[in-house]
Amino acid sequence: MRDKKEKYDFKQVEEQIKQFWKREKIFKFNPNIKKKIYSVDTPPPTVSGKMHIGHAFSYSQQDFVIRYKRMRGYNIFYPFGTDDNGLPTERLVEKEKGVKAKDLPREKFIKICMDYLKKELPKFIQDWKNIGVSCDFDLYYSTINNHCRKISQRSFLDLYKKNRVYRQDAPVMWCPECQTGISQVEAKDKEVKSEFNYIKFKILDGKEKDLIIATTRPELLPACVAVFYHPSDHRFKKLKGKMAKVPLFNFNVPIMEDKRVDIEKGTGIVMCCTFGDQTDMEWQRAYNLSIKEAITRDGVMTKLAGEYSGLKIKEARRKIIEDLEKSGLIVKKEKIKHFVNVHERCGTEIEFIKSKQWFVKYLDLREKMLSWGRKLDWYPIYMKHRYDNWVKGLQWDWLISRQRYFGIPFPVWYCKKCGKEIVAEEKDLPVDPLKDKPKKKCSCGSNEFEPEKDVLDTWFTSSMTPRLAVELLDKKFWDKIFPMDLRPQAHDIITFWLFNTVVKSNLHYGKNPFKDVLVSGFVTLKGEKMSKSKGNVVEPQIVLEKYGADALRYWTASSNLGEDIDYNEKDVITGKKFTTKLFNASRFIFMNLKDKVKRPNKIFEIDRLFLRKMNEVIENSTNSFEKYEYSKCKQETDNFFWHYFCDNYLELVKHRVYNGSKEEKDSAFYTLYYSLLTILKLMAPITPFVTEALYQKYFRKNEKEKSIHITKWPKKFKISQRKDDKEKLELLLEIISNVRKEKSKHNKSLKAEIILILNKADKEKLKDVLEDLKAVTNAHEIKEGKFKVEFVGD
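In this convention, every chain numbers its residues from 1, walking through the sequence in written order. Thresholds applied to this predicted model are a pLDDT of at least 70 for local features of residues and 80 or more for the giving and counting of side-chain atom pairs; totals over whole chains, interfaces and linings are not thresholded and use all residues. Think of the side-chain values as coming from all heavy atoms in the structure, minus any hydrogens and water.

Undergrad: Hey, could you run me through the overall build of the protein in this one?
TA: Broken down by element type, the protein carries 23 helices and 29 strands. On the principal axes, the C-alpha backbone points of the protein span a range of 115 × 65 × 45 Å. Residues classed as buried in the protein amount to 56% of the 794 residues present. Here a residue-residue contact requires only that any non-hydrogen atoms of the pair lie within 4.5 Å. Within the protein, counting contacts between residues at least 6 apart in sequence, those at least 24 apart form 77% of the total. With an accessible surface of roughly 36500 Å², the protein has 47% of that area assigned to carbon and sulfur atoms. Charged-residue counts in this description rest on Lys and Arg as positive and Asp and Glu as negative, His and the chain ends being excluded. By convention, the charge on Lys lies at NZ, on Arg at CZ, on Asp at CG and on Glu at CD. On the protein, the mean spot of the 153 positive side-chain charges and the mean spot of the 114 negative ones are 2 Å from each other. The helix and strand labels rest on DSSP assignments: H or I over at least four residues marks a helix, E over at least two residues marks a strand, and numbering proceeds from the N terminus. Buried residues are those whose accessible area, probed at 1.4 Å on protein chains only, stays under 20% of the maximum for their type, while exposed residues exceed 50% and partly exposed ones sit between those limits. All accessibility values rest on the Shrake-Rupley procedure with a 1.4 Å probe; residue burial counts only the protein chains present in the view.

Structure (structure tokens):
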């Protein structure tokens, strides 16, 4: 019955299908056709190596939705971009080329980066094609190319004109390792082991008295500018207005009160240093305290630290503690665990330094930000809380200056004579101030300028992705596509990418950049986040080589939207088994089904019951996909395919396929053909390669569309229905299952002939499918009585 020589070769099939999609331009966007457009703000993956399993997971999930929408008749605008300006790409190039940006002229390093990207990007992008992402890859942008430079610099100019960007010499968060300022969103909390050192300050009150202050950072003693206690703490009330002497460094600072002091922490009285944390910065501003810089940009102590000058931070901390102990100035040490801010890129503890930087002013927009978030449709809805919590916790304007080498430059110069800022004209964009000059003199008459050497934060550009994508097209189409319909992304960058995109869009255009937000989760391994240092990384390239893209996508569809999922190879293997079973079932059906299928004059009862069940699957799958619940569609269709279609319907229908009358065969062939085609369509968004291959092999000659992915999403079959259809079908399948169990229990072949005894009610309910039941169970006859299976010949 089966040709065992023909096996499903997923490698060959997937390669052939990729070439077919490319050759036939199946996913090509045509803005001129009259279909309603569905536009997607595709996440541009960061070029920091190669696709990781998290990429494969989240991009597959967004692709399920896009393929579904395409089959629903939308004209899909689904571009592809790569995020290749900024620190991750810079670090990658340094690693791959064995160079350091700081050791090279900036222009030379930028050329090395651009040459590397030109060579490596096609290989990087191929990973996305290999997992079946159905973008129009001809609609492509790179966040470092001239197209994106122009839009990013235009964004800066627009905010500059609206007084939404400003340059200020102010304390900023600084990464000593990456040697750049960072924004609040790039700092993450990390729990570390530390030590509270209880140190003796001296109260200057006629005679010196000890004042014990606990700190984890004694290396900041030379930058101490005040001592604070809480106004309700009566222990220290008498110290208000007095001075304290700082140990080792022997200078005096004022003792002051402020409600921001945590009475329960340490001794309840704290030192304010410039700058240890956000609170130090607030105190400095509130009380106009002096600023002392004890740490340099590269993380070593300044001359202010005296004999500790030139030491790295932790080295200075150790040496200062030693000297405090020698001098009898430490009362006790206490081991603690506490959270510190680290740079999310490299994990280095951040410092606060005074530096001239560019900021986007938006702290005054918190209420509007919350309103903008409410106008979005979130899937899943609970992800909105992450957005809201971020907005409510904002403490800084957005720092957008980066002291890096490979990025988009600020379109700004400074007059050497008067210091005035000179910004580029929009018509001249993109510009590079290191090479280009302003087109006119400064208002003071000078024509000598200093270029801005910093580059824009990569998120400043990435937050413009809706416009980076839309402006790939002719201007007349922009309003048809923007605002976009969908923003798909992972939950970890809600505060990075989504938040900044929403803010920028509203500042520039007065509206949200998209309507729906589709948020995916993380992939873990045995409950832990994957990390190269832990050696627990799963590479999707290896999974694809071993099991194929459909199998990987099948596993991806097992997770509900927004949920983190553990990588489980067994689920991928199940996906591979599904594709093989689908291939074999299709081959079996079309071994017997030769002619074009038409709707028969009569649909037999068993066929009607299965088509009714198929209608239920179509309805539920459609409703699920409309809510972006692709996992329910996969689960429903998968269950129908294995349990109803393969395990039961194919067996029930065999006797009519082989030995039935023309009328019986017509009904069976119609049901087989359209049930299988419907299964293929329902699974096409999830397993696009095998469904396309089977469509091309068996259905293309009879169907008008050249690809299954541009066929119409299934509609319910127009057949009669009765109240007891579901109960009737389930009863039939239960009896078949029980007969099989009895045969297995008695070590009998499934073909063993039996006499089947059913109770009167069941027999009556199944009266018009008894012949099918007899055939599938190989029953010589069906009698009335208590359920029993009797074996003929025993």
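Undergrad: For this particular structure, what's the right way to read the pattern of salt bridges?
TA: Put simply, a salt bridge is a Lys or Arg side-chain nitrogen that is within 4 Å of an Asp or Glu carboxyl oxygen. Within this structure, the stated rule accounts for 54 salt bridges. A salt bridge links K200 to D210; its shortest N-O distance comes to 3.9 Å. Taken together, the positions of K200 in strand β7 (residues 187-205) and D210 in strand β8 (residues 207-215) put the pair 10 residues apart, joining distant regions of the chain. The class of K200 is partly exposed, set by a relative accessible area of 23%. Across the salt bridge formed by R260 and D258, the nearest N and O atoms sit 2.9 Å from each other. Overall, the relative accessible area of 39% leaves R260 in the partly exposed class.

Undergrad: Looking at this model, I keep getting lost on the packing of aromatic side chains. Mind explaining?
TA: Ring pairs (aromatic) are described by centroid distance and by the angle formed between their planes. Each aromatic pair joins two rings of Phe, Tyr and Trp (for Trp, the six-membered one) with centres within 6.5 Å, and gets the label stacked for planes under 30 degrees apart, edge-to-face for over 60, and tilted for any other angle. Under the counting rule described, the total for this entry stands at 49 aromatic pairs. Ring geometry for W459 versus F496: centroids 5.0 Å apart, planes at 45°, classification tilted. One end of the pair, W459, is in helix α10 (residues 458-462); the other, F496, is in helix α13 (residues 494-509), with 37 residues separating them in the sequence. Per residue, the accessibility class of W459 equals that of F496, and both read buried. Note on F625 and W713: the rings are 5.7 Å apart at their centroids and 85° apart in plane angle, and the pair reads as edge-to-face. Here F625 is found in helix α17 (residues 605-626), whereas its partner W713 is found in the loop between α20 (688-699) and α21 (725-745), with 88 residues between them in sequence. Taking the relative accessible area as the measure of exposure, F625 reaches 0% and is therefore buried. Judged by its relative accessible area of 4%, W713 falls in the buried class.

Undergrad: Where do I start with the sheet that holds strand β18 (residues 412-415) in this structure?
TA: DSSP bridges decide pairing: two strands pair if at least two such bridges lie between them. Taking strand neighbours across the sheet as the criterion, the 3 strands line up as β19-β18-β20 in an open arrangement whose pairing is antiparallel. Both edges of this open sheet fall to β19 (421-423) and β20 (449-451), since each of them pairs with a single strand only. Pairs of neighbouring strands in the sheet enclose a mean axial angle of 35°, with direction left out of account. Looking at chain direction, β18 and β19 are connected through 3 bridges and run antiparallel. Each residue of the ladder has a partner; that of Y414, found in β19, is E421. Note on definitions: angles span 0 to 180 degrees between N-to-C directions of axes, and those axes are lines fitted to C-alpha atoms, for helices only across the stretch in contact.

Undergrad: Just to check I follow, could you spell out empty space enclosed by the protein for this structure?
TA: By rolling a water-sized probe across the atoms, one finds the places where empty space is left. A cavity, in this analysis, means grid points on a 1 Å lattice covering only the protein atoms where a 1.4 Å probe fits yet has no way out; a pocket is instead an open set bounded by protein on both sides within 12 Å along at least five of seven lines, and a residue lines either one if it has an atom within 4 Å of a point. Grid points are joined across faces, edges and corners, and a volume is the space filled by probe spheres set on the points. For the coordinates displayed, the defined rule picks out 7 cavities of 30 Å³ or more. What the largest cavity holds in volume is close to 140 Å³. Lining the largest cavity are 18 residues; nearest its centre among them are G86, L87, R402, D457 and T458. Looking at the lining of the largest cavity, the elements that each hand over two or more residues are α3 (87-97), β6 (180-182), β21 (455-456) and α10. Nonpolar residues are Ala, Val, Leu, Ile, Met, Phe, Trp, Tyr, Cys and Pro. Charged residues are Asp, Glu, Lys and Arg, and all others, Gly as well, are polar. Here the residues of the lining of the largest cavity are counted per class, giving 7 nonpolar, 6 polar and 5 charged. The calculated volume of the second largest cavity comes to roughly 80 Å³. Contributing to the lining of the second largest cavity are L220, T274, F275, I291, K292, E293, A294, I295, E351, F352, I353 and K354. Classifying every residue of the lining of the second largest cavity gives 7 nonpolar, 1 polar and 4 charged.

Undergrad: Please clarify how the sheet that holds strand β24 (residues 523-525) should be interpreted in this entry.
TA: Hydrogen bonds along the backbone pair up the strands of a sheet, which may run parallel or antiparallel. Spatially, 3 strands are ordered β25-β24-β26 in an open sheet, and the strand pairing comes out mixed. Only two strands of the sheet have a single partner each, and these edge strands are β25 (528-529) and β26 (565-566). Here 2 bridges tie β24 to β26, and the two strands are oriented parallel to one another. Paired with V523 across the two strands is I565, which belongs to β26.

Undergrad: Looking at this model, I keep getting lost on the nonpolar core. Mind explaining?
TA: Side chains that are nonpolar tend, in soluble globular proteins, to be buried together. Membership of the largest hydrophobic core comes to 198 residues, with the highest contact counts inside it found for F645 and L773. With 12 residues, the single largest contributor to this core is helix α18 (residues 630-659). The contact partners of F645, leaving out residues within four places of it in the chain, are I589, F640, L650, L672, S675, L676 and I679. In this description, a nonpolar core means a group of buried Ala, Val, Leu, Ile, Met, Phe, Trp, Tyr and Cys residues linked to one another through side-chain atoms lying within 4.5 Å. In terms of nonpolar packing, the next biggest core, distinct from the first, is built from 35 residues, F249, A294, A305 and Y308 among them.

Undergrad: Teacher, can you tell me more about helix α19 (residues 662-683) here?
TA: Since the α-helix advances by 3.6 residues per turn, residues separated by three or four positions end up pointing in the same direction. Its 22 residues place the ends of α19 31 Å apart at the C-alpha level, agreeing with the 32 Å of an ideal helix rising 1.5 Å per residue. Here α19 lies mainly inside the structure; 16 of its 22 residues are buried. The span one expects for a helix is its residue count, reduced by one, times 1.5 Å.

Undergrad: What should I look at first to understand the layout of surface pockets in this one?
TA: Volume-wise, the second largest pocket comes out at about 900 Å³. If you trace the second largest pocket, you find 33 residues lining it, with M71, K681, T711, K712 and W713 closest to the centre. Per-element accounting of the lining of the second largest pocket gives the leading share, 5 residues, to α19.

Undergrad: Is there a simple way to think about a positive patch on the surface in this case?
TA: A patch consists of residues whose relative accessible area exceeds 30% and which take part in no salt bridge; residues with like charges are grouped when within 9 Å of each other, and nonpolar side chains (Val, Leu, Ile, Met, Phe, Trp, Tyr) when within 5 Å. A cluster of basic residues, R599, K704, K712, K715 and K718, forms a positive patch on the protein surface. Within the secondary structure, K712 is located in the loop between α20 and α21. Exposure remark for K712: the relative accessible area of 63% places this residue in the exposed category.

Undergrad: Honestly, the environment of L239 in this entry has me stumped. Any pointers?
TA: In this structure, L239 sits in the loop between β9 (224-229) and β10 (243-245). On the basis of relative accessibility, which here comes to 6%, the residue L239 falls in the buried class. Along the chain, L239 and L204 lie 35 residues apart, while their C-alpha atoms are 9.5 Å from each other.

Undergrad: Whenever I open this one, the packing of α18 against helix α23 (residues 770-777) confuses me. Can you help?
TA: Packed helices, taken two at a time, are described by the angle their axes make and the gap between the axes. Across the interface, α18 lies against α23 with an axial gap of 8 Å and an inter-helix angle of 100°. When the axes of α18 and α23 are compared, the pair comes out roughly perpendicular. Contact with α18, carried on its side by E651, L652, H655 and R656, involves E771, D772, A775 and V776 of α23 and no other residues of that element. For the contact of α18 with α23, a count of residues per class yields 3 nonpolar, 1 polar and 4 charged. Each angle is binned into one of four classes, with values under 35 degrees roughly parallel, values over 145 roughly antiparallel, values of 65 to 115 roughly perpendicular, and all other values oblique.

Undergrad: Looking at this model, I keep getting lost on the packing of helix α14 (residues 540-547) against helix α16 (residues 569-592). Mind explaining?
TA: One way to put it is that α14 packs onto α16 with a least axis distance of 11 Å and a crossing angle of 40°. Regarding α14 and α16, the two cross each other, and that crossing is right-handed. Counted together, V543, K546 and Y547 of α14 and E569, V572, I573 and K576 of α16 form the full contact between these two elements. When its residues are assigned to classes, the contact of α14 with α16 shows 4 nonpolar, no polar and 3 charged. In this scheme the crossing of two helices becomes right-handed for a clockwise turn of the near helix relative to the far one and left-handed for an anticlockwise turn of less than a right angle.

Interpretation in functional terms is not warranted from these geometric data alone.
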